[in-house]
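What the coordinates show
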Amino acid sequence: MPFLRTRHNLWPVLLLAGWVLGWAAGAGAAQAQSPSARANIVVGTDERLFVTLAALNLAGFDAETPDAPPNEVRAQLLRDLQQATPPEITEKLRTFWKQLPEAERNRPTLMGSAVALAMLARPLPDFTLPPAETLPPDVRPLAGLAPLIAEFAARAPVQTAFPKYAANYTAFTELLQSIADEETFRLLTFLHTQPIVTARDAPPVADLDTLTSANLPAGELRERTRRMFILPDLLGPVGRVVTRNDFLNGADRRTYRRPGDEFFLVVSAPREAPNRALRRALMRFLLEPVIARSGKLIADRRTTIAKLAGSLPNADPALKNNVFEIVRESLSRAIEARLSIQAARQAARQTDDDAERAQLQLADEEARVELLGVWERGGVLALHFFEQLAALDETGVDILDWLPRMVSAFDAERERRRPTELAALRARVEQRRQLVRAAPTAKSLSRIEQADDLLRAKKYAEARQLLEALLREEPQDARATFGLAELTAKQPSAVETDPAADESEQLAALQERLEQAVELYERAARLAKPEERWLASRAYVAIGRIYDFAERRSEAIAAYERAIALGDVRGGAYAEALAGKERPFRPARQP
């Protein structure tokens, strides 16, 4: 390679080779195996859902999310349909809507009922429902809408209108697919487990609440299929998320399964990347069979656990009398807390040892106080599981084997003392939160602005010092995290610029630094508040450009799509995202 003739020209070559050779080597393996596909998780649009929500909106459904931006796709589709739908069809839909009781029309969970109606129905043009007595109770008032939807689909241009919005749905689908893969991989890696995609014909977990190990059925039973459907929606209320698993997909009449085996997650026009919503739904789907495997043990501990939950004055009624819901909620929240500490550890890797310990201490304190709130609402194993899960990383034991140990180690008297033991910590954390809320933001902003100025001047050491100090005080600050990502992406490490280091050492150091930059950009996007969507937009474009330079085009496009899905927010990088999706980013040549 002639451009490697002199050491003087090595850095520009390393910049290219490190991204292209080092990262591209793993691209094939990443594309060959999708974590969500291995877990029977299907991400994609569904014609029945699109047509159902279009009909419902035309009928009069108009639920909007407070303080959310207007749903432009929904508004445009309604204009199109109002002009092209035969008047008698529109009148039938509106008549049905008006005949519903007012309480039904204004029910906050109506969107979830509409989702269930759509997914229960046979594929169009049929769109028939199962017998009324088998429908979930909240769906029955809408059952009369099914024949109207079939007629609407047949006579209105709703199906032919979909291609006009296909690009919006494609971008949203790709965003959800990317997040599903990321979060599934993260969860399975943390839990040291493999997804369970089948179930035996034993009673569902909810039924086990009346069982003990003495009367739990045993023996070889028929195998069922478990799967999860993640569906993008651009016609529902902005930011609404619907999760259900109490019915079966009407499009499949061959696969053997029963209610509880199929999970449906519908995400409507998000205001920000819906990582948390997907993570929580994925956790429930992945953990359900794990909890069922420990069903005998949990059932035997039912009295002790339920008694503690039932004694709490503010416990959620849904948790008080259902030990399996208590275990689900406690385990999910404990895992989420452990993942937040894991993220804090990754973000602190750029700091010195003292700073890292301080950041991890803050993250641990915040997690414990959050979980104390879960405990008070009835998730009485949350803090116990949180502490027990700390050893999971160290041991590498599969959660299938670790959960029985955690349940067996539950000590009701120990857990009863949690509020007293954590009272001082809660007071300290609340005081710290109040100080953060009360403190003028100008101080933090001025330091971030100073760091921005230092970055522009390439004074990287001073910028790092400022940003790390700010993150020690405010670990969840998205702007400071973004600044640290920018710094990491721009500042070569000592090894990379060391003339005595060989090429392989420099390439390895470069690869590690850029991986850290991507992690920090991802964290900044996750931390971004609704009013900081511009920052998440920039972060995703930065990730896309890194992947583009590495010639990992599919991952670059996925990052650009995440920015596009956030919309054209002021100060964001919407135009850059569109350009990046259209053609690969290439940095300007250095003089």
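Refer to the structure above for everything that follows.
Parameters and conventions
Think of each chain on its own: its residues are numbered from 1, step by step along the sequence as written. In keeping with the predicted nature of the model, local features appear solely for residues at pLDDT of at least 70, side-chain atom pairs appear and are counted solely at 80 or more, and the whole-chain, interface and lining totals rest on all residues. For the side-chain quantities, the full set of heavy atoms in the structure was used; hydrogens and water were omitted. The helix and strand labels rest on DSSP assignments: H or I over at least four residues marks a helix, E over at least two residues marks a strand, and numbering proceeds from the N terminus. Relative accessible area decides the class of each residue, using a 1.4 Å probe on protein chains only: under 20% of the type maximum gives buried, over 50% gives exposed, and in between gives partly exposed. Working rule for contacts: check all heavy atoms of both residues, and any pair within 4.5 Å makes them a contact. Accessibility throughout is a Shrake-Rupley quantity obtained with a 1.4 Å probe, and a residue counts as covered only by protein chains that appear here. The span one expects for a helix is its residue count, reduced by one, times 1.5 Å. Paired strands, in this sense, are two strands between which DSSP finds at least two bridges. Interaxial angles span 0 to 180 degrees and are taken between N-to-C directions of axes, which are lines fitted to C-alpha atoms, for helices over the stretch in contact. These descriptions rest on fixed angle ranges, namely under 35 degrees for roughly parallel, over 145 for roughly antiparallel, 65 to 115 for roughly perpendicular, and the rest for oblique. Take the far helix as your reference; a near helix turned counterclockwise from it by less than a right angle gives a left-handed crossing, and one turned clockwise gives a right-handed crossing. Charged means Asp, Glu, Lys or Arg here, nonpolar means Ala, Val, Leu, Ile, Met, Phe, Trp, Tyr, Cys or Pro, and polar covers whatever is left, Gly included. Nonpolar cores are built from buried Ala, Val, Leu, Ile, Met, Phe, Trp, Tyr and Cys residues. Side-chain atoms within 4.5 Å join them into one set. Each patch is built from residues that are more than 30% exposed by relative accessible area and take part in no salt bridge. Like charges join if they lie within 9 Å; nonpolar side chains (Val, Leu, Ile, Met, Phe, Trp, Tyr) join within 5 Å. Here a salt bridge means any side-chain nitrogen of Lys or Arg lying within 4 Å of a carboxyl oxygen belonging to Asp or Glu. Neither His nor the chain ends is counted toward charge; the positive residues are Lys and Arg and the negative residues Asp and Glu. Here the site of a charge means atom NZ of a Lys, CZ of an Arg, CG of an Asp or CD of a Glu. Counted as a polar contact is a pair of N or O atoms within 3.5 Å, where, for protein atoms, one must be capable of donating a hydrogen and the other of accepting one, and residues adjacent in sequence contribute only when both atoms are in side chains. Between the rings of Phe, Tyr and Trp (Trp by its six-membered ring), a pair exists once the centres lie within 6.5 Å; its type follows the angle of the planes, with under 30 degrees stacked, over 60 edge-to-face, and the other angles tilted. Cation placement over rings: the criterion is NZ of Lys or CZ of Arg within 6 Å of the ring centroid and within 35° of the ring normal.

So, about the overall build of the protein chain. Helix and strand counts for the protein chain stand at 30 helices and six strands. Sorting the 591 residues of the protein chain into buried and exposed places 51% on the buried side. Partitioning the intrachain contacts of the protein chain with sequence separation of at least 6 by distance along the chain shows that 76% fall at a separation of at least 24. Total accessible area computed for the protein chain in this model is approximately 27,300 Å², and 52% of it derives from carbon and sulfur atoms.

Its place among the elements puts E366 in helix α17 (residues 353-376). Given the relative accessible area of 26%, E366 is considered partly exposed. Along the backbone, E366 and I341 are 25 residues apart, and their C-alpha atoms lie at a distance of 9.5 Å. Excluding residues within four positions of it along the chain, E366 makes contact with V429, R432 and R433.

With that out of the way, let us pick up helix α18 (residues 382-395). With 14 residues, α18 extends 20 Å between its outermost C-alpha atoms, agreeing within 8% with the 20 Å of an ideal straight helix rising 1.5 Å per residue. After α18 finishes, the residue G396 shows a positive phi value of roughly 70°.

Burial of strand β6 (residues 262-268) is extensive: seven of the seven residues sit out of reach of the surface. The sheet contact formed by strand β5 (residues 241-244) and β6 spans four bridges and is antiparallel. For T243, the partnering residue across the bridge sits in β6 and is L265.

What follows covers the packing of helix α29 (residues 553-565) against helix α30 (residues 574-582). At a minimum axis distance of 9 Å, the contact between α29 and α30 shows a crossing angle of 150°. Considering the angle they form, α29 stands roughly antiparallel to α30. Between α29 and α30 lies a crossing of left-handed hand. Contacts between α29 and α30 involve R553, I557, Y560, E561, A563 and I564 from the former and Y574, A577, L578, G580, K581 and E582 from the latter. Of the residues that constitute the contact of α29 with α30, the class distribution is seven nonpolar, one polar and four charged.

This brings us to the nonpolar core. Ranked by size, the top nonpolar core spans 128 residues in total, and within it F152 and I335 carry the most contacts. The element contributing the most residues to this core is helix α16 (residues 323-347), with 11 residues. Beyond its immediate chain neighbours, meaning those up to four positions away, I335 contacts L187, F190, L191, M283, L287 and L389. Residues L470, V518, A528 and V541 belong to the second largest nonpolar core, which totals 43 residues.

The next subject is a negative patch on the surface. A cluster of like negative charges, contributed by D498, D502, E503 and E505, occupies part of the molecular surface. Assignment of secondary structure puts E505 in helix α27 (residues 503-527).

The next point concerns the side chain of R513. Positionally, R513 belongs in helix α27. Residue classification places R513 among the buried positions, given a relative accessible area of 7%. In terms of polar contacts, R513 uses its side chain to reach the backbone carbonyl oxygen of T488, at 2.7 Å.

Tallying each qualifying case throughout the model produces six aromatic pairs. Ring plane angle 15° and centroid distance 5.3 Å describe the contact between F229 and F264, whose orientation is recorded as stacked. Here F264 lies in strand β6 and F229 lies in strand β4 (residues 227-233), a separation of 35 residues in the sequence. On the basis of an interplanar angle of 75° and a centroid distance of 5.3 Å, the ring pair of F263 and F285 is categorised as edge-to-face. Within this pair, whereas F263 is found in strand β6, its partner F285 is found in helix α12 (residues 275-293), the two being separated by 22 residues in sequence. Taking relative accessible area as the criterion, F263 reaches 1% and is therefore assigned buried. Positioned above the aromatic ring of F285, the side-chain terminus of R226 is 4.4 Å from the ring centre. The ring centre of F386 lies 3.8 Å from the NZ or CZ of R338, which sits over that ring.

What follows covers the pairing of β4. Sheet faces and side chains relate simply in a regular strand, where the side chains alternate between the two faces. In terms of burial, β4 is largely enclosed, as seven of its seven residues are buried. Burial along β4 is two-sided: the residues R227, F229, L231 and D233 and M228, I230 and P232 are all buried. With three bridges joining them, strand β1 (residues 41-43) and β4 adopt parallel strand pairing. Along β4, the bridge assignment pairs V43 with I230. Relative to β6, β4 is paired through seven bridges, and the arrangement is parallel. Bridged to I230 within β6 is L265.

A separate point is the pattern of salt bridges. Applying the stated criterion to the full structure yields 36 salt bridges. Ionic pairing is found between R416 and E413, a salt bridge with its closest N-O pair at 3.7 Å. Here E413 and R416 lie together in helix α20 (residues 412-416), a separation of three residues that amounts to about one turn. You can call R416 partly exposed: its relative accessible area is 35%. The exposure class assigned to E413 is partly exposed, which follows from its relative accessible area of 47%. Where E415 meets R418, a salt bridge forms, and the shortest distance between an N and an O atom there is 2.9 Å. Among the residues examined, R418 registers a relative accessible area of 2% and is labelled buried.

We now examine helix α9 (residues 145-155). Restricting attention to buried positions, one finds in α9 the residues L145, A146, L148, I149, A150, F152 and A153. Elements that come into contact with the buried residues of α9 comprise α4 (47-59), α5 (72-84), α6 (87-99), α8 (110-120) and α10 (158-161).

The subject of this paragraph is the sheet that holds β6. Strand order in the open sheet formed by four strands is β1-β4-β6-β5, and the pairing between neighbours is mixed. Strands with a single pairing partner mark the edges of an open sheet, and in this sheet they are β1 and β5. Going across the sheet, the axis of each strand differs from the next one's by a mean of 15°, ignoring polarity. Those strands touched by α12 are β1, β4, β5 and β6, and its axis lies near 180° from that of β6.

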